[in-house]
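Descriptive analysis of the structure
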Amino acid sequence: MSGRDEKAIDVTIDLPFDLLQTLRLVHAISEAGFRICIDPADRKKLVLLNRIFGLDYKIGTAGARKVPGLYIDHMTPVSRIGSIERPLIMPAAIFDHCRQRWPEHRKVDVSFAGLLTDSRRAAINDWLRLSHLEELAVPDRKPTVLGKFVRKVACKAGISIADYVGTQNVKIYMSDQGRVFPRKSWNTAYYDLLLDSKFVLCPSGDFKNNGVVWTYRFFEAVLCGAVPVIEEPCDAYEGFRYRLMSVPLESLQWSRADAEHNFDLARQRLTIDRDVLRSELMRLLPVGGAEAGAVRKDYANGIYAT
């Protein structure tokens, strides 16, 4: 909660809570003095955000007012609340939480942690070979039918599966922790790794074949003061200071000035002033009821709107 005197207003958000964009957006709305009312099935998606950041939510949606005018599009990316638009909308609390934890000295030169698609695996292995780290090559293992079944069961049970290759200064974790709740909403171990890293490998995202190359990992690294090392530039990265995966490890030089520049630019572009956001939400909310019209869900294109 924001710590202001006004009573929190109960609202519901008719967007899919399995998306990280939705989780960050509702966290920002909560900071503006609103209590998020959710179905019991969504509790595990917010429980860590409540525990770590104090995100205000309630189980049950009776009597809550449905927020219209919300829009998220993973492909662009864009997030919108009424007339306010950002590439992503993030709460100030996450920026503050990460910035307070920047270490004086970073022990890991380069890291990566996440699910490895075939294209990401190839990009990381190319960088490892370029950096003369062939011995760290990520195994090119195709999952067996049994392996796929085990992962599916583990995912439903909220259990992550991880593999690791690395040295003292380069750490590569192959993990699905970022896809499994409740850790998907906030994975402390993942952020601790970013905070301890000078650079973070950011191969292109899940929709590379659709021409979409941006990845959340870029912005998560920026929050933690790690400089992103990207596979290819895109509009979402414009103005940030990053390195390319065509540059080997020995040529990477971390700069606190670059880290500070990136953090400040991300805060400017991805957050909304609390009072501005509250005013816009009050304008959007229906008077005296919870109805707010239909929800458009274009799952094929990753676009969601209310």
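The model shown is predicted, which means the values in this text are computed figures rather than measured ones. (Residues numbered from 1 in each chain as written. Predicted model: local features only at pLDDT ≥ 70, side-chain atom pairs only at ≥ 80, totals over all residues. Heavy atoms only, no water.)

1. Re the nonpolar core
Which entries qualify depends on this criterion: Each nonpolar core is a collection of buried residues, namely Ala, Val, Leu, Ile, Met, Phe, Trp, Tyr and Cys, held together in the definition by side-chain atoms within 4.5 Å. A 1.4 Å probe rolled over the protein chains alone gives each residue an accessible area, and that area as a share of the maximum for its type sets the label: buried under 20%, exposed over 50%, partly exposed in between. Contacts: residue pairs with any heavy atoms within 4.5 Å of one another.
Core analysis: the biggest nonpolar cluster contains 70 residues, and Val 11, Ile 13, Ile 29, Ile 36, Leu 46, Ile 81 and Phe 219 have the highest contact counts within it. Residue contacts for Ile 81: discarding those within four places in its chain leaves Leu 25, Ile 29, Gly 69, Leu 70, Ile 89, Ile 272, Leu 277, Glu 280, Leu 281 and Leu 284.

2. So, the packing of aromatic side chains
We count it as follows: Two rings belonging to Phe, Tyr or Trp (six-membered ring only in the last case) form a pair when the distance between their centres is within 6.5 Å. Interplanar angles under 30 degrees mark stacking, angles over 60 mark edge-to-face geometry, and anything in between is tilted.
Inspection of every chain in the model, using the stated rule, returns 15 aromatic pairs. For the pair Tyr 164 and Tyr 173, a centre-to-centre distance of 4.7 Å together with 35 degrees between the ring planes defines the contact as tilted. Residue classification places Tyr 173 among the partly exposed positions, given a relative accessible area of 30%. Taking 5.1 Å as the distance between ring centres and 70 degrees as the angle between the ring planes, the aromatic pair formed by Phe 218 and Phe 219 counts as edge-to-face. Using a relative accessible area of 0% as the deciding quantity, one classes Phe 218 as buried.

3. Observations regarding the sheet that holds strand 3 (residues 57-59)
What counts is decided by this rule: Any two strands with at least two DSSP bridges between them are considered paired. Secondary structure elements are defined from DSSP: runs of H or I of at least 4 residues count as helices, runs of E of at least 2 residues count as strands, and each element is numbered from the N terminus. For helices, the axis comes from a line fit to the C-alpha atoms of the stretch in contact; other axes are also lines fit to C-alpha atoms, and the angle between any two N-to-C directions lies between 0 and 180 degrees.
Spatially, the four strands line up as an open sheet ordered 3-2-1-4, and their pairing is parallel. Both outer strands of the open sheet, strand 3 and strand 4 (65-66), are each paired with one neighbouring strand and no more. Two strands pair when backbone bridges link them, and strand 1 (residues 9-12) and strand 2 (residues 34-38) are joined in this way by three bridges, in the parallel orientation. Each residue of the ladder has a partner; that of Val 11, found in strand 2, is Ile 36. Along the sheet, helix 1 (residues 20-31) makes contact with strand 1 and strand 2, crossing strand 2 at roughly 140 degrees.

4. Section: the pairing of strand 1
With burial as the criterion, each face of strand 1 is covered, one bearing Ile 9 and Val 11 and the other bearing Asp 10 and Thr 12. Bridge analysis of strand 1 against strand 4 gives two bridges, and the strand direction is parallel. Residue pairing across strands places Thr 12 opposite Lys 66, the latter belonging to strand 4.

5. Quick word on unusual backbone geometry
A cis amide bond links Thr 76 with the next residue in sequence, Pro 77, at an omega value of -10 degrees. Turning to its location among the elements, Pro 77 is positioned in the loop between strand 5 (70-73) and strand 6 (78-81). Pro 182 follows Phe 181 through a cis peptide bond whose omega is 5 degrees. Following the sequence through the fold, Pro 182 ends up in the loop between strand 10 (170-175) and helix 6 (188-195). Here the phi dihedral of His 132 falls at roughly 60 degrees; this positive angle occurs in a residue that is not glycine.

6. Concerning helix 3 (residues 92-99)
Those residues of helix 3 that sit buried are Ala 93, Ile 94, Phe 95, His 97 and Cys 98. Structurally, helix 3 contributes buried residues whose contacts are with helix 1, helix 2 (43-53), helix 6, helix 7 (216-223) and helix 8 (256-270).

7. Some points on the environment of Gly 211
Mapped onto the fold, Gly 211 is located in the loop between strand 11 (197-202) and helix 7. Gly 211 gets classed as exposed once you look at its relative accessible area, which sits at 61%. Residues Gly 211 and Met 75, 136 residues apart in the sequence, show an inter-C-alpha distance of 8.8 Å.

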